[in-house]
Amino acid sequence: MTMIDYLSENLWLLWTLVCVLALILEVSSGTFYLLCFAVGAAGAIVSSFFGIPLWAQVLVFVIFSCLCVFCVRPVVVKYLHTDRRNRRSNADALLGREGVVIEPITAEKPGYVKIDGDEWRAVSKDGSNIDKGTIVKVVARESIVVTVEVAAKED
């Protein structure tokens, strides 16, 4: 028995390979497109157990993949990426964060604040002096200078 004869009698192995490959590639991409092809391959695996011909298995694969891409994927993406528009990135993620003053902030001269291990040039929101070691909260950002205020003390 040759390899081709074996595969033609056990097409579920071929579809399993397609399914596993799609799942592995999906893990690296995270787009949920390849997951749909894995679902299509799973449908083809089930159909191969009923002994239907290869062309019908390919048709099942295409139908299940398309249904998943157009019906399931949009729901999954919407559910998993609900706050994408509200998510801050880069320096805008500093807004609302707390840090420690490492160089005093005065009305005449900006100081420096350490936030998550990074040092940022900082000015006071109301122009007041803020001493070294004070916990501050970032309220605004202008280029590479953050505007801070003394963080509220929790009891």
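Note that this is a predicted model, so its numbers are computed, not measured.

Calculation notes
Residues numbered from 1 in each chain as written. Predicted model: local features only at pLDDT ≥ 70, side-chain atom pairs only at ≥ 80, totals over all residues. Heavy atoms only, no water. Helix = DSSP H or I, 4+ residues; strand = E, 2+ residues; numbered from the N terminus. Rg over C-alpha atoms; globule rule 2.2 N^0.38 Å. Buried < 20%, exposed > 50% of the residue type's maximum accessible area, 1.4 Å probe, protein only. Contact = heavy atoms within 4.5 Å. Areas by Shrake-Rupley, 256 points an atom, 1.4 Å probe, with all protein chains shown as cover. Lys, Arg positive; Asp, Glu negative; His and termini not counted. Charge placed at Lys NZ, Arg CZ, Asp CG, Glu CD. Pairing = 2+ DSSP bridges. Expected span 1.5 Å × (residues − 1). Salt bridge = Lys/Arg side-chain N within 4 Å of Asp/Glu carboxyl O.

1. So, the overall build of the protein chain
Consideration 1: Check the secondary structure of the protein chain and you find four helices and five strands.
Consideration 2: Tracing the protein chain from N to C terminus, the helices and strands come up as α-α-α-α-β-β-β-β-β.
Consideration 3: For a compact globule of 155 residues, the expected C-alpha radius of gyration is about 15 Å, and the protein chain comes in at 29 Å, more than 25% above that figure.
Consideration 4: Taking all 155 residues of the protein chain together, 27% fall into the buried category.
Consideration 5: The contacts in the protein chain between residues at least 6 apart in sequence include a share of 44% that link residues at least 24 apart.
Consideration 6: When the accessible surface of the protein chain is totalled, it reaches about 10800 Å², and 62% of it is carbon and sulfur.
Consideration 7: Once the 15 positive and 17 negative side-chain charges of the protein chain are each reduced to a mean point, those two points are 4 Å apart.

2. Description of the pairing of strand E1 (residues 98-103)
Consideration 1: Two elements, E1 and strand E4 (residues 135-142), share three bridges in a ladder whose sense is antiparallel. The residue of E4 that forms the bridge with Glu98 is Lys137.

3. Thoughts on helix H3 (residues 33-49)
Consideration 1: For H3, which comprises 17 residues, the first-to-last C-alpha distance of 25 Å matches the rise-based estimate of 24 Å (1.5 Å per residue) to within 8%.
Consideration 2: For H3, the set of buried residues is Cys36, Ala38, Gly40, Ala41, Gly43, Ala44, Ile45, Ser47 and Ser48.
Consideration 3: Looking at the buried positions of H3, the neighbouring elements they touch are helix H2 (11-29) and helix H4 (54-80).

4. Digging into the pattern of salt bridges
Consideration 1: For the coordinates displayed, the defined rule picks out three salt bridges.
Consideration 2: With its nearest N and O atoms 3.5 Å apart, the salt bridge here joins Glu103 to Lys109.
Consideration 3: We classify Glu103 as partly exposed; its relative accessible area is 27%.
Consideration 4: Of the residues examined, Lys109 reaches a relative accessible area of 48% and is grouped as partly exposed.
Consideration 5: Put simply, Lys125 and Glu149 hold a salt bridge, and the shortest N to O gap is 3.6 Å. Residue Lys125 is located in the loop between strand E3 (118-124) and E4, and its partner Glu149 is located in strand E5 (residues 145-150); the two are separated by 24 residues in the primary sequence.
Consideration 6: Judged by relative accessible area, Lys125 falls into the exposed class, the value being 55%.
Consideration 7: Taking the relative accessible area as the measure of exposure, Glu149 reaches 29% and is therefore partly exposed.

Such coordinate-based values are descriptive only and should not be taken to indicate function.
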